[in-house]
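# Coordinates in review
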Amino acid sequence: MALIESGETVRAVSLRIGVSVRTLREWYEHPGRGRQNLPSACPRCAGIPSLPEPTSEYAYLLGLYLGDGCISRNGDPAKGIWVLRIACADAWPGLLAECKQAVRAIRPDNKVGRVRSDGCSYVTSYSRHWPCLIPQHGPGEKHHRTIELEPWQRLITSRHPDRFARGLFHSDGCRFTNRVRRPLADGDHWYEYPRYMLTNESADILGLCGAALDQLGVSWRYSRRNTISVARREAVARLDEFVGPKY
Ligand SMILES: [Zn+2]
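What this report covers is the structure whose coordinates are included nearby. What you see as residue numbers is a count from 1 along each chain, following the sequence as written. Under the rules for a predicted model, residues below a pLDDT of 70 receive no local features and side-chain atom pairs below 80 are neither given nor counted, while totals for whole chains, interfaces and linings still include all residues. Only hydrogens and water are set aside; all other atoms, that is, all heavy atoms of the structure, feed into the side-chain values.

A separate point is the overall build of the protein chain. Starting at the N terminus, helices and strands are each numbered in turn, a helix being any DSSP run of H or I of at least four residues and a strand any DSSP run of E of at least two. Of the regular secondary structure elements, the protein chain holds 11 helices and 8 strands. By its C-alpha atoms, the protein chain is 85 × 35 × 35 Å across when sized along the principal axes. The buried label goes to any residue with under 20% of its type's maximum accessible area, the exposed label to any with over 50%, and the partly exposed label to all in between, with areas taken from a 1.4 Å probe on protein chains only. Within the protein chain, buried positions represent 44% of all 247 residues. In what follows, residue pairs with any heavy atoms lying within 4.5 Å of each other are defined as contacts. Put simply, 59% of the contacts in the protein chain that link residues at least 6 apart link residues at least 24 apart. Measuring between centres, the 35 positive side-chain charges of the protein chain sit 2 Å from its 26 negative side-chain charges. Only four residue types enter the tally: Lys and Arg on the positive side, Asp and Glu on the negative side; His and the chain ends are excluded. In plain terms, the charge of a residue is placed at NZ if it is Lys, CZ if Arg, CG if Asp and CD if Glu.

All right, on to the sheet that holds strand 8 (residues 227-230) then. Pairing in this open sheet of 4 strands is antiparallel, and the strands run 5-6-8-7 from one edge to the other. Looking along the sheet, the strands with just one partner apiece sit at the ends: strand 5 (173-184) and strand 7 (221-224). Here the average twist between neighbouring strands, direction ignored, is 40 degrees. In this analysis an axis means a line fitted to C-alpha atoms, helices contributing only their contacting stretch, and an angle means the value between N-to-C directions, from 0 to 180 degrees. Lying over the sheet, helix 9 (residues 161-172) contacts strand 5 and strand 6 (187-199), oriented at roughly 110 degrees with respect to strand 6. A strand pair is defined by DSSP finding two or more bridges across the two strands.

For the rest of this paragraph, the subject is the coordination of the zinc ion. With distances of 2.1 to 2.3 Å, the protein atoms coordinating the zinc ion are Cys42 (SG), Cys45 (SG), His129 (ND1) and Cys132 (SG). Metal-coordinating donors are taken as N, O and S atoms lying within 2.8 Å of the metal, or within 3.2 Å when the metal is Na, K or Ca; because water is left out, some sites can appear incomplete. By the criteria applied here, four donors are tetrahedral when all angles lie between 85 and 135 degrees, four are square planar and six octahedral when opposite donors are over 155 degrees apart and every other angle lies between 65 and 115, and any other arrangement is irregular. Each of the 4 donor atoms around the zinc ion contributes to a set of angles spanning 98 to 124 degrees, which defines the coordination as tetrahedral. Residue classification places cysteine 42 among the buried positions, given a relative accessible area of 6%.

Bringing unusual backbone geometry into the picture now. Across the junction of glutamate 53 and proline 54, the peptide omega takes the value -10 degrees, indicating a cis bond. Positionally, proline 54 belongs in the loop between helix 4 (33-36) and helix 5 (55-68).

Below, the discussion takes up empty space enclosed by the protein. A probe matching the size of a water molecule, rolled over the atoms, marks out where space remains unfilled. The way it works is a 1 Å grid over only the protein atoms, where trapped points that fit a 1.4 Å probe form a cavity and open points with protein on both sides within 12 Å along at least five of seven lines form a pocket, and then any residue with an atom within 4 Å of a point lines it. Grid points are joined across faces, edges and corners, and a volume is the space filled by probe spheres set on the points. For the coordinates displayed, the defined rule picks out 1 cavity of 30 Å³ or more. The computed volume of the largest cavity comes to approximately 40 Å³. For the largest cavity, the full set of lining residues is Phe169, His170, Gly173, Cys174, Arg175, Tyr196, Val243, Gly244, Pro245 and Lys246. Of all elements in the fold, only helix 9 and strand 5 reach the threshold of two or more residues within the lining of the largest cavity. Of all the elements, strand 5 adds the most residues to the lining of the largest cavity, at 3 residues. Grouping the amino acids of the lining of the largest cavity by side-chain chemistry returns 5 nonpolar, 3 polar and 2 charged. All amino acids are sorted into three groups, where Ala, Val, Leu, Ile, Met, Phe, Trp, Tyr, Cys and Pro are nonpolar, Asp, Glu, Lys and Arg are charged, and the leftover types, Gly among them, are polar.

So, about the sheet that holds strand 1 (residues 69-73). Neighbouring strands of a sheet are bound in pairs by backbone hydrogen bonds; such pairs are parallel or else antiparallel. With antiparallel pairing, the 4 strands of this open sheet are ordered in space as 1-2-4-3. Two strands close off the open sheet at either side, each with one partner strand: strand 1 and strand 3 (112-116). In this sheet, adjacent strand axes meet at a mean angle of 25 degrees when their direction is disregarded. Relative to strand 4 (residues 120-127), strand 3 is paired through 5 bridges, and the arrangement is antiparallel. Looking at strand 4, one finds that valine 115 is bridged to tyrosine 122. Packed on one face of the sheet, helix 5 meets strand 1 and strand 2 (82-89) and runs near 80 degrees to strand 2. The strands touched by helix 6 (residues 93-106) within the sheet are strand 2, strand 3 and strand 4, with strand 4 carrying the most contacts at an inclination of about 5 degrees.

This part covers helix 5. Take the number of residues in a helix, subtract one, and multiply by 1.5 Å to get its expected span. The terminal C-alpha atoms of helix 5, which comprises 14 residues, lie 20 Å apart, in line with the 20 Å expected from a rise of 1.5 Å per residue. When you tally the buried positions in helix 5, you get 12 out of 14 residues, the bulk of the element. If you check which residues of helix 5 are buried, you get Thr55, Glu57, Tyr58, Ala59, Tyr60, Leu61, Leu62, Gly63, Leu64, Tyr65, Leu66 and Gly67.

Another point: the side chain of aspartate 109. If you trace the backbone, aspartate 109 turns up in the loop between helix 6 and strand 3. You can call aspartate 109 buried: its relative accessible area is 6%. Distance and chemistry together define a polar contact, namely a pair of N or O atoms within 3.5 Å, with one atom able to donate a hydrogen and the other to accept it when in protein, and with adjacent residues in sequence counting only for side-chain atoms on both sides. At 3.2 Å, the side chain of aspartate 109 forms a polar contact with the side chain of serine 20.

Any link to function would need more than the numbers given here.
Listed below in structure tokens is the structure:
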């Protein structure tokens, strides 16, 4: 408020402190009311930290981030603004919408953007709080650093292993159909076997996925060093309950 009083534009203050223009206007026009209703307050750097809500959306978003997300500084480091970017293939508009919805649910006061690139789009969100909300951020690629969840994050992923797995498979995974030919006396028969695969270069991230699948009772194995495979019929049927084909 002091910055606005001093003559800075609301937009400039918004960029500087990472609170949306709408919220700043609200605070300016209704001083006092904002105190009870701080939409951009961060559950992690509050005096008494709490879990980001809704936790089911957080679990999904964390899965997406570990698959295809990055968090980096935006502009002048002194401003303390960070940007979360999650890559979404243009081939799956449903996933893009679901990703935006999850980002909006966790930071309802920050605008969710979309930046188009070659064959994909980046869902973007600017906030001071992405590093507190997703402390796994860091320079370089995820498989070059240790990816370990904080205790409060483990609480969330163990509460919503289905949502966490959905996020992981929606970013780094796929569901595909194997067609197998069986020559029989009356001619060739074709059988179709749906499968799931998740490929990631980070052994830590694969381990987190495996733990979620274990908790869900989905049998899985490493088909390659960097790939988790779910192929048993009942395991695929179980994953279909909360992942399913991309859309
Ligand atoms: Zn924070």
